[in-house]
Amino acid sequence: MAITFNEKTKVFSMHTKNSTWQMQVSKYGHLLHLYYGRKISEGELSYLVRGINRGFSGTPYEAGEDRAYSLDTYPQEYSAFGVGDYREACLCVEHEDGSRAAELLFDSCEICQGKYMLSGLPAVWADKGEAETLKILLKDKASGVEVTLLYGVFEEYDVITRACRIRNGGETEVWLERALSACLDIQRDDLEMITFYGRHTMERLIERGKCRHGKIVADSLRGSSSHQQNPFVILCETGAGEEWGECYGMSLVYSGSFLAVAEVDQLNQTRFVMGIHPQGFRWKLKAGEEFTAPEVIFSFGGSGYGDLSRNLHRLYREHLTRGKYRDKRRPVLLNNWEATEFHFTEEQLLSLAADAKELGVELFVMDDGWFGGRNHDRCGLGDWRANPKKLPKGVKGLAEKIHQLGMEFGIWIEPEMINEDSDLFRTHPDWCLTAPGRTPNRERGQLVLDMSRPEARDYLFDSIGKILRKAKVDYVKWDMNRSLSDVWSGACSAMRQGEIGHRYVLGVYELMERFVSCFPDILWEGCSGGGGRFDAGMLYYMPQIWCSDNTDAIERISIQYGTSFGYPVSSIGAHVSVSPNLQTGRTMPLATRGIVAMAGAFGYELDVRKLNCRERELIREQIRWYKQYQELMLYGDYYRLTKTEENQDFAAWQFVSRNQKLSLASAVCLHARSNPLFGRIRLKGLKEDAWYQVRRERLTDEPGMESEEQEVTMCPGGGLMHAGVNLPVFEKDYESVRFVVEMMEC
Ligand code: DGJ
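Bear in mind that the values here come from a model prediction, so they are computed numbers and not experimental data. In every chain, residue numbers begin from 1 and rise along the written sequence. Residue-level local features of this predicted model are given only where pLDDT is at least 70; pairs of side-chain atoms are given and counted only at 80 or more, and the full residue set underlies all totals for whole chains, interfaces and linings. Side-chain measures here rest on the full set of heavy atoms in the structure, leaving out hydrogens and waters.

Hey, could you run me through the packing of aromatic side chains in this one?
Here a ring pair, both rings aromatic, is described through the centre-centre distance and the interplanar angle of the planes. Stacked, edge-to-face and tilted labels apply to pairs of Phe, Tyr and Trp rings (six-membered ring for Trp) whose centres lie within 6.5 Å, assigned for plane angles under 30 degrees, over 60, and everything in between, in that order. By the definition in use, this model includes 40 aromatic pairs. One aromatic cluster in this structure is built from F196, F232, Y305, Y316, F534, Y561, F565 and Y567. Sitting over a ring, as applied to charges here, requires NZ of Lys or CZ of Arg to be within 6 Å of the ring centre and within 35 degrees of the ring normal. Directly above the ring of Y116 sits K115, whose terminal nitrogen or CZ lies 3.9 Å from the centroid. Positioned above the aromatic ring of F344 is the side chain of K390, whose terminal nitrogen or guanidinium carbon lies 4.9 Å from the ring centre.

Spelled out as structure tokens, the structure:
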């Protein structure tokens, strides 16, 4: 049993392969957190909770003169505002009389096989026997408010998930002013918080800071998980790295505004909370109604964040993504966006596709610009019918022609948005988010469709669904190109406007669920101006997400590096684009653009018709190579070999098959030096004693240097991992090299 409850001591224990989580019902009925960390197979850690009478840290009434007992200093399993815990609260309930308080006391518990699911929200899933669930019911006696804490234990993955349901079991209505998902009180003060910050075209850059007295916050108030901060954070002991140090990873399975706070209190204890951002949030619960807070995935790694990432990668691939493409190889695609933007005809698309087919591309994707009057970004969104000037025989006509070429066919959509210059807006001006008496904030010339309205969602399902039913569409890219503002819905009463931000997200999830279940054969790719909604919530619906609108390979190295901490390679949409790059103007060898994009769900995004013979040859070879090693790269174990935030000279990463027989490592020179030092990378994840053959392939697409330089060595795994393999002496910025490492038969 991964989960146990000792009736006598009232201690709950949850064990995974390498971690243990313990909590205890205190003598007064509060649920106290005891421990989360390295596995402790036996024993209970109640002794860890200690108290003395401290000034300005009160005592619950029922504890009488037991002044050492304080909710302000004792570690809590789910913190609530108003009754003497002054640290960051998960729950704040306003009652009908205006009071704000909830004293959550243990009522009952249940342990069962399998994994709980959350209605209307994405969550990690499991079949019976693959996970266990613990449910703990806490009650606030005075109001009848009930909180059910939900825990899912995935032993093999070192993962414990949490979520909660808040029910109004009283007779009068209450308001949730905060309903965060989870709290983790760690009794240590030596932690650092790693966050993934950024901006449009520069997402998920890594940042690290010591948790100090007071709070460190990572959050989004944009209505989506955002480019600016990602809802995945790591708390690690000071100095932790890829292979050393205790680390806690927390990932919110949610795509809206979020809050993650690490707070060090007066006793040097660290509290971490995560959930829906309370700012702008207010949720009414009538008697008997329930609210579900989204899931947080907790993962503990005792030896650095490398293992932590790999555990999450496996969990996401195997228990978060669903559908046909969960384990299936992904087609190599060509997307027309960077080649044509809005300006194309069917004929041009077909000539692009035919050319791409000739190079080995398998899927042609028609991006933005094919519908309504969409010739620029200020019109058309909402009018989901083909523009006959661009597609005379509609999407169906083009789809047929693309299929006749022997390729699959995909389209771009942006369902959640509306342009004022659209028939949809002219018919339903009230379907966008705008506050009465105000003019709304515009972004990219567009407004936000009120996804909390069922009729708007029905319209989207009908109009886009009609196209998907009529035409053979194999792939859909679901884009979302702005942050939410003016969050006010005409469909809701004034008192319920604090619900709209979350109802928007629930509406998006409801619509996505309808689409993915009605069209199970389609490969869905998420997108939000690149990676503005790259979160675990999205991966429940779509197995891959366009990682960034920045396709410059050097910038992508940092973006994909940061993304890999929390998300698997199979989820990272990555394309080879033109050189000089359209975002940065940087000139880059095609070989290097390929090597970087292959650390993801791979494709091309350029006008292939303009390529020269050598480039065409190289692309054919890239595609052949990608297909050969795709399974290893998408579904093998991923290792970061360098720190992009520190190593200015080169970046390197590696894939290892689960049976450790095959591995690929790639390295890119970031900065060539005069009188260069010898570079070396230490491989990871191999079998110590097994012998491997290492083939080093140095690629170039420069005219006159057309041959690949190859070097073959043999070495035991131990040597490759501890001593390393030599990088070539890079002569120029952005050169790249790859190593094919194969276990030798005995
Ligand atoms: C933003 C996406 O990230 C791009 O790839 C492209 O699809 C544009 N939107 C189209 O408007």
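Where do I start with the site of the ligand in this structure?
Any residue with a heavy atom positioned within 4 Å of a molecule or strand is treated as near that molecule or strand. Near the ligand, the surroundings consist of 13 residues, among which D367, D368, K477, D479 and D549 are the closest. Here a polar contact means two N or O atoms within 3.5 Å. Within protein one must be a hydrogen donor candidate and the other an acceptor candidate, and residues neighboring in sequence count only if both atoms are side-chain atoms. A distance of 2.6 Å is found between an oxygen atom of the ligand and a side-chain nitrogen or oxygen belonging to D367. One of the side-chain nitrogen or oxygen atoms of N481 is found 3.4 Å away from a nitrogen atom of the ligand. Only the protein chains shown count as cover for residues, with accessible areas throughout obtained via the Shrake-Rupley method and a probe of 1.4 Å. Protein contact buries 98% of the 290 Å² of open area that the ligand shows by itself. The definitions used throughout rest on a 1 Å grid laid over the protein atoms alone, on which a cavity is an enclosed set of points accommodating a 1.4 Å probe that cannot get out and a pocket is an open set flanked by protein within 12 Å on both sides along at least five of seven lines; lining residues are those having an atom within 4 Å of a point. Being in a pocket or cavity means that more than half of the molecule's atoms lie within 2 Å of its grid points. Spatially, the ligand is embedded in the largest pocket. Residues are grouped as follows: Ala, Val, Leu, Ile, Met, Phe, Trp, Tyr, Cys and Pro are nonpolar; Asp, Glu, Lys and Arg are charged; all remaining types, including Gly, are polar. Here the shell around the ligand is composed, by residue class, of four nonpolar, three polar and six charged.

For this particular structure, what's the right way to read the pattern of salt bridges?
A pair can form between side chains of opposite charge whenever their charged atoms are brought close. Salt-bridge detection follows one rule: a side-chain nitrogen of Lys or Arg within 4 Å of a carboxyl oxygen of Asp or Glu. In total, this model carries 71 salt bridges according to the counting rule given. For E735, the salt bridge is made with R698, and the minimal N-O distance between the two is 2.9 Å. Residue E735 is found in the loop between strand 37 (725-726) and strand 38 (736-743), and its partner R698 is found in strand 35 (residues 691-699); the two are separated by 37 residues along the sequence. Pair check on accessibility: E735 and R698 agree, each one buried. The structure contains a network of salt bridges with shared partners spanning R38, R188, D190, E237 and E246. The numbering of helices and of strands both runs from the N terminus, where a helix is a DSSP run of H or I of at least 4 residues and a strand a run of E of at least 2. Relative accessibility thresholds used throughout: buried, under 20% of the residue-type maximum; exposed, over 50%; partly exposed, between the two (1.4 Å probe, protein chains only).

Can you walk me through the nonpolar core in this structure?
One broad trend across soluble globular proteins is that nonpolar side chains are buried collectively. Nonpolar core, defined: a set of buried Ala, Val, Leu, Ile, Met, Phe, Trp, Tyr and Cys residues in which side-chain atoms within 4.5 Å join the residues together. Within the largest apolar cluster, 211 residues are counted, with the highest numbers of intra-cluster contacts made by I166, W370 and I411. Here, two residues are considered to be in contact whenever any of their heavy atoms come within 4.5 Å of each other. With near-sequence residues (within four places) excluded, I411 lies in contact with M366, W370, V395, I467, L468, V473, Y475, V476 and K477. By size, the runner-up hydrophobic cluster in this structure holds 23 residues, among which are A652, V694, F730 and V737.

How should I be thinking about the sheet that holds strand 19 (residues 283-285) in this particular structure?
The strands that make up a sheet pair up through hydrogen bonds in the backbone, lying either parallel or antiparallel. A sheet is described by the order of its strands in space; here three strands give the open sequence 5-10-19, paired in antiparallel fashion. On the outer flanks of this sheet lie strand 5 (91-94) and strand 19, each paired with one strand and no other. Averaged over all adjacent pairs, the angle separating strand axes in this sheet is 30 degrees, with direction ignored. The pairing of strand 5 with strand 10 (residues 174-179) spans four bridges and is antiparallel. Note on strand 10: the bridge partner recorded for E94 is W175. DSSP calls a pair of strands paired once it identifies at least 2 bridges connecting them. Convention adopted: a line fitted to C-alpha atoms gives each axis, helices being fitted over their contacting stretch, and angles between N-to-C directions are expressed from 0 to 180 degrees.

What's the story with the layout of surface pockets in this structure? I'm lost.
Remark: the empty space left among the atoms is shown by a probe the size of a water molecule rolled over them. Grid points are joined across faces, edges and corners, and a volume is the space filled by probe spheres set on the points. In this structure, the largest pocket encloses a volume near 510 Å³. Residue composition of the lining of the largest pocket, grouped by class: six nonpolar, 11 polar and 12 charged. Taken as a whole, the second largest pocket encloses approximately 430 Å³ of empty space. Together, 19 residues line the second largest pocket, and K17, N18, D158, D307 and N311 are the ones closest to its centre. Counting residues per element, the lining of the second largest pocket draws most heavily on helix 1 (residues 305-319), which supplies four residues. Taken together, the residues of the lining of the second largest pocket sort by class into two nonpolar, five polar and 12 charged.

Sorry if this is basic, but what is going on with the side chain of K684 here?
Structurally, the position occupied by K684 is in the loop between strand 34 (680-681) and strand 35. The class of K684 is buried, set by a relative accessible area of 14%. Side-chain polar atoms of K684 contact the side chain of E243, separated by 3.4 Å. If sequence neighbours within four positions are ignored, K684 has contacts with E242, E243, Y639, R640, L641, Q654, V656 and M721.

Can you help me understand the sheet that holds strand 17 (residues 258-264) in this one?
On the basis of which strands lie adjacent, the open sheet formed by four strands has the order 11-18-17-14 and antiparallel pairing. Whereas interior strands pair on both sides, the edge strands pair on one side only; in this sheet they are strand 11 (182-186) and strand 14 (214-220). When strand polarity is set aside, the average angle formed by the axes of neighbouring strands in this sheet is 10 degrees. Relative to strand 18 (residues 270-276), strand 17 is paired through seven bridges, and the arrangement is antiparallel. Pairing of V264 across the sheet is with T270, part of strand 18.

Please clarify how empty space enclosed by the protein should be interpreted in this entry.
Overall, the coordinates contain seven cavities of 30 Å³ or more when judged by the stated rule. Considering only enclosed or pocket space, the largest cavity measures out at about 130 Å³ in volume. Along the wall of the largest cavity there are 14 residues; nearest its centre are H30, Q76, Y78, A80 and L104. The volume enclosed by the second largest cavity comes to roughly 90 Å³. Around the second largest cavity sit I557, Q560, Y561, V596, A599, Y638, R640, T642, T644, A651, A652 and W653, which together line it. Of all the secondary-structure elements, those providing two or more residues to the lining of the second largest cavity are helix 9 (553-566), strand 31 (637-640) and strand 32 (650-656). When grouped by side-chain class, the residues that make up the lining of the second largest cavity number eight nonpolar, three polar and one charged.

Please explain the pairing of strand 15 (residues 232-237) as it appears in this structure.
Looking along a regular strand, one sees the side chains alternate between the two faces of the sheet. The buried count for strand 15 comes to six of six residues, which makes it a mostly enclosed element. Burial along strand 15 is two-sided: the residues F232, I234 and C236 and V233, L235 and E237 are all buried.

When you look at helix 4 (residues 394-404) in this model, what are you seeing that I'm missing?
The α-helix advances 3.6 residues per turn, and as a result positions three or four apart in sequence lie on the same side. For helix 4, the full list of buried residues reads G394, V395, G397, L398, A399 and I402. Elements in contact with the buried residues of helix 4: helix 3 (346-359), strand 22 (363-366), strand 23 (408-413) and helix 6 (454-470).

Can you help me understand a nonpolar patch on the surface in this one?
A contiguous nonpolar surface patch, about 390 Å² in accessible area, is contributed by W691, V712, M714 and M744. Mapped onto the elements, M714 comes out in strand 36 (residues 709-716). Patch definition: residues above 30% relative accessible area lacking any salt bridge, with like charges linked at up to 9 Å and the nonpolar side chains Val, Leu, Ile, Met, Phe, Trp and Tyr linked at up to 5 Å.

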